[in-house]
Every structure is written in structure tokens, then in C-alpha cells.
Amino acid sequence: MSAVADTHAQDDHHHGPAKGFSRWLLTTNHKDIGTMYLIFSFTMFLLGGTMAMVIRAELFQPGLQIVEPEFFNQMTTMHGLIMVFGAVMPAFVGLANWMIPLMVGAPDMALPRMNNWSFWLLPCAFLILVSTLFMQGGAPNFGWTFYAPLSTTYGPPSTTFFIFAIHIMGVSSIMGAINVIATILNMRAPGMTLMKMPLFVWTWLITAFLLIAVMPVLAGVVTMMLMDINFGTSFFDASGGGDPVLFQHVFWFFGHPEVYIMILPAFGAVSHIIPAFSRKPLFGYASMVYAVGAIALLSFVVWAHHMFTVGIPIAGQLFFMYATMLIAVPTGVKVFNWVATMFRGSLTFEAPMLFAVAFVILFTIGGFSGLMLAIAPADFQYHDTYFVVAHFHYVLVPGAIFGIFASAYFWLPKWTGHMYDETLGKTHFWLSFIGMNLAFFPMHFLGLAGMPRRIPDYALQFADFNMVSSIGAFMFGASQILFLVIVVKCIKGGEKASAQPWDGAEGLEWTVPSPAPYHTFATPPEVK
Amino acid sequence: MAENQTYYVPEQSKWPIVATVGLGVTLYGAAAIMVNGQQGESTTGSWVMFLIGSLIMAYMLFGWFGTVIKESRSGLYSPQMDRSFRWGMSWFIFSEVMFFAAFFGALFYTRMFAVPWLGGEGDRGSSNILWEGFQATWPLINNPDPDAYPAPEGIIGPWGLPLINTILLVTSSFTVTVAHHALKEDNRKKVKLWLSATIALALIFVCVQGYEYAHAYQDLNLTLQSGIYGSTFFMLTGFHGAHVILGTLMLTIMLIRIHKGHFTGDYHFGFEASAWYWHFVDVVWLGLFVFVYVL
């Protein structure tokens, strides 16, 4: 894909950004909003990470030393909720906001005012969610998956506030996704057909579709919860003819596409970064697009692989097992294509590439444990053990999070106009890589040996691996402070970045100066 | 394919932050009402919060949509902008369809699996241990535990008022379409007539539903607390009713705008968006009529 550059893309009518704090409250600019999403997401990442440190501190040794079990349960719940809804999702939306208009040659997102509303709803929602920690009865303590009846009959009073916080997050996500789809379908530069779109744009188009389809289902399930708690309905109460398993079905109908929402944008970003640092075009563009579509479609029909042990009929178990294993095929296509892109490329390993390559290898490991979990009879053994925790942390941490780090390093020069400190970046990578593997690899063994999830204390035979895991977690956690230092340093100064600091990179975003001007592509470029 | 009009990007706007504060205050207030109510504490402050939040939301809706209308009428919107609004409304309606899908899905699972299994079908006779004598039927007018969930004494048959409601809504979809064609022909008098007819039909629907709800609560003992039949019945019809009210509001605002001289024969997306929403509301009702009332 080549593009004719329009480097004088600023419109004279527009001024620069407004001055003062109100700039951020009133902005409609996709770059401002992208920046706010990224800062918010990193703040939530540190908050959720602190909760993880509390968890790992308690699990460092057997026995109950640091926190009460009830508070431990609040930590595991809030850690999950904050990481999923506050760190990973907003980070990808921030990347989308910054990069999609630049990549398609649009002046801004399709609906810029609604864009800002989508952002500001998040601090609002998380203020409510985090405030539950200080309410009577404590914060939600039933796991981030908030199954009924633990969350309905036995939940703390703050559960109702949690439900409304989820509603607000849902409104934010749905409006953001609508904005992304409208932008991608309506505002591409002339000549950019769908099959000429960059992969990050493709993966976000599909992610946005998933969001619009399933966030309302999440809204539905938390509304049913709200009714059961406050209005005496019996959706999840068998004594009224309802069923707790109904909760699980509706929740996971949302929950499974949700995890693809959390990874597809990373797939897209990595599909930009690996070709750039291999100085070779992405291998198999068309198959990469079809693979993402296939993954998204399949993601709707696999939800009950989270429910193999609740007593669904054997026919259901078989169907969901086969469908789940099928998803490995298009995912494998993508992994092979990333490797093929690197094959005989002119490789260099700056920080974005380090994170991207680690992504490919470690996400694949996460995928393998996922395949193991997909085998229903085997899952009877693995379910609700640390094996599951290992699986999803492998796909989420070196998957989604490393994808976000890779994107940040890749695009920081475009956002700030400065190169980040490469030595520090590489250091951040290696510390994160080692810390993450120490933290989560032993969890595979813990799970296979029988350690259950969501427990503040454990049998003595699990002690050694738990200690290793906690040390790795502390190391990983501390390394993220280094990332904060790197980003702040890069914003404040550093080697000047050109419009295209990465010689192998391609795309319209590299035709605008670094830092990208406040308004870009007021007139769309012509794409050949 | 060059557009001869640049894409309008508004410079700054207070509406997003106003909307955030409004929604946050409203929903926090709503939560506080419920939680304080459950704990037997005073809900006055919570109601005040909820009302203030709702007022902020109303202010925001008038303000934000008002700004968009002003911008549209001063010709700031290119055909590309019009397409953005069309995509936006279409995908929003799709998200609403998925919201209803969650409740229809719950109904499907309950009727096909949960209740039959409770009744002992497929060797899952849990109810016979916990609740002897439970019979799985639909509508479920005898709950497993009638002390916890007193069963309804009757249900609302489909061929009385619900059939009237179906006729009302389907007719209203027809009348709004006639109104739309009239608008395209710039026949303002005809638009006002047929749009008013649509709104009238909608209001009659709301009244009939209100009467049905009162009848259910007072005479049939069919309430939200009547077990899973009551739960699914009121959630599905209730959310539908809420969307009818929203749709009626939208159509009324379009009528007001018509009276004010807004819209031309070929530029009236606000009207089209409201009409699309109205058709969506009608289709959901048809689904309800079939799966909640008839079958």
C-alpha cells in the first residue's frame, strides 16, 4: 500500500489547542482524547497493578498474614475489573483515537463531540467503582465475573453501585465503537479501499463490531442482576423458576467476545510493528484480514467453554469444545504470517520489536494452554484452578499489555516529536519479560497440581511456586514505574523525531510531521 | 471522489462533560435510592440527587441536539457528515437490538431448558428433592417455591389488548412511513397529519400497556416478584415500553420541528432517524407479541 503524501495538511482556519485545564474537558480533538484515554488507562493499570501486588504479597507465603480474606476477595475482584475495563480496553481505545484518523487520512473521528463523552464517562464510572472500596460492606468481592447468586443474594450493598458503573462503562464503549465504525466506513481517504486499509484499522473495525454486539448483552445481564437484588425478580433464583446458570450463559455470551475485543487491536498493532522492523511487507495481508473476521465470527459461538463444569448437556459440551478448538486455526494463520514476515527480513530489535516478538511467542504459549482448556474432559480438571489464571494472564499480559507497550514505543515519536530513551526501553522490556514469566509460568504447574483460584491461603505443597510467582510479580510491577519514567522523559524531551523515525514503517500516519500537528488531513490525501 | 465541502469538526463543546456529570449523578442517585431503600434508610437525599441528575441530562439533551440542529440548519454538514449520522444511528439501533436479544435469550433459555429441567426433564429432577410436586409448565403459574415467589393467578392472553397493541403499532409504522413520503414531497400539511396520527397511536399504546400493567398487578397478581414468568414478562415488555416512550418523544420533537419549519424535502435526517427507531420499536413488539404473549 502506498500513499501520496499531503504534508501541508493543516487547515489555516483552525487554531492550535486552547490553553488551560478546560482544554481537556471541552476538546473534540482525537489526539487530545487519545492522549487522555492513554493516561487514564496507565493510571488504572498502576491501580489494578497495586491490587495485584496486595494479592501476591498475601500469597507470597502460606497462611494469612497481610489482609483479611474478605478484603482479599475485594482485591481479586477489583484487580480484574480495573484491568479489563480500566486498563486494557481504554488503552486500545486511546490507540484507536490517536491512530485511526491518521491511518485513514481523516481530519478527526466521525463524531468528535461524542468521542469526548465516551472518554469522560470512564473517570466517572471508575470513580463510582473505586468508591465502593470505601462503602459499608466493602467493594464487590465475587470475582470480576460476578456470578449470581454470590453477587445477587450474597453480595455487599455496593453491588448496585458496581452495576451502574458497568452501565456507564458500557455507554462509553458502545458510543466509542459506533464512532470507530463510522470513521472507518465513512472517512477513509479517496482510493483507500477496504483491502488497502492498514491492519490496525481492520482489527479495530472488527473489534468495534464486537463491542456494539456484546456490550448491550453485558448491560442486560447486570440489569437482570439489579432486578434480582432490588426488585424481587428471580432470573437467577431456581425457587422462582430461574437459573444461576442463566447468568453464566448471558455473561459469557458477552465475556467471550470481550476477550477478543481485548486482543484484536494488539494483533493489528503487531501487524504494523513486525513488518516495520523486518523491513518487509506483512506476509499474507488478505489472509490476515480473513483470519480476524473468522476469529470474530467464531467468538460468538464458543462462550460455554467457560462453563464445562456447570452441568450443560454433553451435546453442548461437544459443540463448544469443537468450536473453541476451531478458533485456533485462524489464530494460527496469524502467528505463522507474523513469523513469515520476519523470515529473511532485515531485522532490528528496538523496543517495539522486542515487545512484538515476545508477543508472538508468549501469546502463542497462552494459546496452547487455551487449547488444553478447550478440551472439555480435561477442563474438568483445570477449571477454577491456577491453570486458568496462567492461561489468561499469558494471553493478556504478554498479549494485550505487551501489544500496548509495543504500540506506545512505536508511536511515541509520532505523538511527542521525541525519540524515547532506547536503552531504558529495552531495560523495561527485559525486566517485564522476565518478571512476567516468573510470575505466571509457575501458575501452570500450580493449577495442574490442584491449586484452586481466588483463595487467600493455600495448602503447603503450593508454597514454593507461589513464592516464585510473587517475586516475579513484584519485579514486573516495579518495572512499570520505569515505563512511567520513560514516557514522561519522552514527553519532556529527547532526540528529535522525524516524520518517519522507523525506516521500515509504512502508512499515512508517517507522512505527517512528528509531533503530529493538532489538526491533520483537513483535506484528505489521495491514496494510490 | 473529492468532497467539495470539508468535514465539519466542532472546535470545543461543553456538552460531553455536562452529559458525564448528568449521567453520573443520575445513576449514582438511582443506586443510592435502591441501596438506602434496601437498608431501611432515608432515600430523600438520593431522590434529590437522581432528580438533579435527570434535569442535567434533560438540559444536555436539549442543548446538544439543539447545537447539532443549529449547525445542520446553517449548512455546516457535508453529505459525508450526513452519512456519519446514518451509520451512527444504524449501529445504535443494532446495539439496542442486542440489548433486547439478551432478554429474549434469557426467555428462550428459561423456557427451553431451565424450567423443563427443574421439572425433572432429562434426569435433572432437582426440584423433586427441593420442591416436591413442582410441575414444569409455561406460563409458569406455579413456582417451585410459592412462599418466596407467590405465583400469578392469571396471565395476559394475547388476543385481547395485546392484539390491539399490535394493530396500533403496526399501523403507526405505516402512518410514519406515509408521513415520511409526504415530507419528501414537501407536503407539510400531510406530514403534520400523519405524524400526529403516529404519535396518537403511540400514546394510545402506552395507555393500553399502562392499563395492562395495572390489571396485572392488581387483579392477576402478576408482578415482577411472581417468579420467572413475571420477571421475563415485565422486563421484556417494560424495556419495550420504555423504548416506545423514547420513540414517541423523538417523534413529538420531530413534529414540533415540522411546525417550526425545519426540514426540507431532501434534507431531514432527524426525521428519518426517528422513523427508523420507531420501526425498530415496532419490530421488537412483534417479537414480543409472538414469543411473550402468543407462544
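Residues numbered from 1 in each chain as written. Chains lettered and ligands numbered in written order. Predicted model: local features only at pLDDT ≥ 70, side-chain atom pairs only at ≥ 80, totals over all residues.

The name given to chain B in an unreviewed UniProt entry is cytochrome-c oxidase, with the source organism recorded as Marinobacter salarius. A UniProt comment under Sequence similarities (unreviewed entry) is attached to chain B, and it reads "Belongs to the cytochrome c oxidase subunit 3 family." (UniProt positions renumbered as here; feature names shortened; annotations may be inferred.)

Explain the overall build of chain A residue by residue, including any values.
Each helix and strand in chain A was counted, giving 15 helices and zero strands. Since a compact globule built from 528 residues should have a radius of gyration of about 24 Å, the 23 Å found for chain A is in line with a globular shape. For chain A, the spread of C-alpha atoms along the principal axes amounts to about 65 × 50 × 45 Å. Burial statistics for chain A: of 528 residues in total, 60% are counted as buried. (Helix = DSSP H or I, 4+ residues; strand = E, 2+ residues; numbered from the N terminus. Rg over C-alpha atoms; globule rule 2.2 N^0.38 Å. Buried ≥ 20, exposed ≤ 12 C-beta atoms within 10 Å, placed from the backbone.)

Give me the lowdown on the environment of Leu76(B), citing residues and values where you can.
If you trace the backbone, Leu76(B) turns up in the loop between α2 (44-73) and α3 (79-118). For Leu76(B), the residues in contact, after removing those within four places along its chain, are Tyr8(B) and Glu71(B). (Contact = placed C-beta atoms within 7 Å.)

Describe the interface of chain A and chain B, with residues and values.
Taken together, the contact pairs 56 residues of chain A with 59 residues of chain B. Secondary-structure elements contributing two or more residues to the side of chain A that touches chain B are α1 (22-26), α4 (112-131), α5 (159-186), α6 (199-230) and α7 (244-261) of chain A. When residues in the side of chain A that touches chain B are grouped by element, the largest group, 11 residues, is from α5(A).

An account of the UniProt feature "transmembrane region" (unreviewed entry) in chain B is requested, with residue identities and associated values reported.
Residue and element names in this part refer to chain B. Under the UniProt annotation, "transmembrane region" (unreviewed entry) lies at residues 15-35, 47-69, 90-109, 159-179, 191-211, 231-256 and 276-294. Helix and strand shares over residues 90-109 are 100% and 0% respectively, and the end C-alpha atoms of the span are 28 Å apart. Helix and strand shares over residues 159-179 are 90% and 0% respectively, and the end C-alpha atoms of the span are 29 Å apart.

Give me the lowdown on α4(A), citing residues and values where you can.
In an α-helix, one turn spans 3.6 residues; hence positions three or four apart end up facing the same way. The terminal C-alpha atoms of α4(A), which comprises 20 residues, lie 30 Å apart, in line with the 28 Å expected from a rise of 1.5 Å per residue. Here α4(A) lies mainly inside the structure; 16 of its 20 residues are buried. (Expected span 1.5 Å × (residues − 1).)

Report on the domain arrangement of chain B, specifying residues and quantitative values.
Residue and element names in this part refer to chain B. Its domain assignment divides chain B into domain 1 (7-77) and domain 2 (79-294). Once you take the C-alpha centre of each, domain 1 and domain 2 turn out to be 25 Å apart. In this complex, domain 1 contributes four residues to the contact, which on the side of domain 2 involves four residues. Of the residues assigned to the side of domain 1 that touches domain 2, the class counts are three nonpolar, no polar and one charged. (Domains from an automatic or database assignment. Nonpolar A, V, L, I, M, F, W, Y, C, P; charged D, E, K, R; others polar.)

Outline α2(B), supporting the account with residue identities and numerical values.
All names here are of chain B. Taking 1.5 Å of rise per residue, the 30 residues of α2 would be expected to cover 44 Å, and the 43 Å separating its terminal C-alpha atoms lies within 8% of that figure. Of the positions making up α2, those classed as buried are Ser46, Met49, Phe50, Gly53, Met60 and Ser72. Contacts made by the buried residues of α2 are with α1 (15-38). Immediately downstream of α2, the backbone of Gly75 shows phi near 75°, a positive value.

Can you break down the packing of α6(A) against helix α8 (residues 264-278) of chain A residue by residue, with the values?
All names here are of chain A. Two elements in contact, α6 and α8, have axes separated by 7 Å at closest approach and are oriented at 170°. The orientation of α6 relative to α8 falls into the category roughly antiparallel. In contact with Leu199, Phe200, Trp202, Thr203, Trp204, Ile206 and Thr207 of α6, α8 contributes Leu264, Pro265, Phe267, Gly268, Ala269, Ser271 and His272. The class makeup of the residues in the contact of α6 with α8 is nine nonpolar, five polar and no charged. (Axes fitted to C-alpha atoms, helices over the stretch in contact; angles between N-to-C directions. Parallel < 35°, antiparallel > 145°, perpendicular 65-115°, else oblique.)

Now, about the packing of α6(A) against α7(A): what can you tell me, with residues and values included?
Residues and elements named next belong to chain A. In the contact formed by α6 and α7, the axes pass within 9 Å of each other and the chain directions differ by 155°. By the angle between their directions, the pair α6 and α7 is classed as roughly antiparallel. As α6 packs across α7, the resulting crossing turns out to be left-handed. Each of Thr207, Leu210, Leu211, Ala213, Val214, Val217, Leu218, Gly220 and Val221 in α6 lies in contact with α7, whose residues at this interface are Phe247, Val250, Phe251, Phe253, Phe254, Pro257, Glu258, Tyr260 and Ile261. Residues belonging to the contact of α6 with α7 are distributed by class as follows: 15 nonpolar, two polar and one charged. (Left-handed = near helix turned anticlockwise from the far one by under 90°.)

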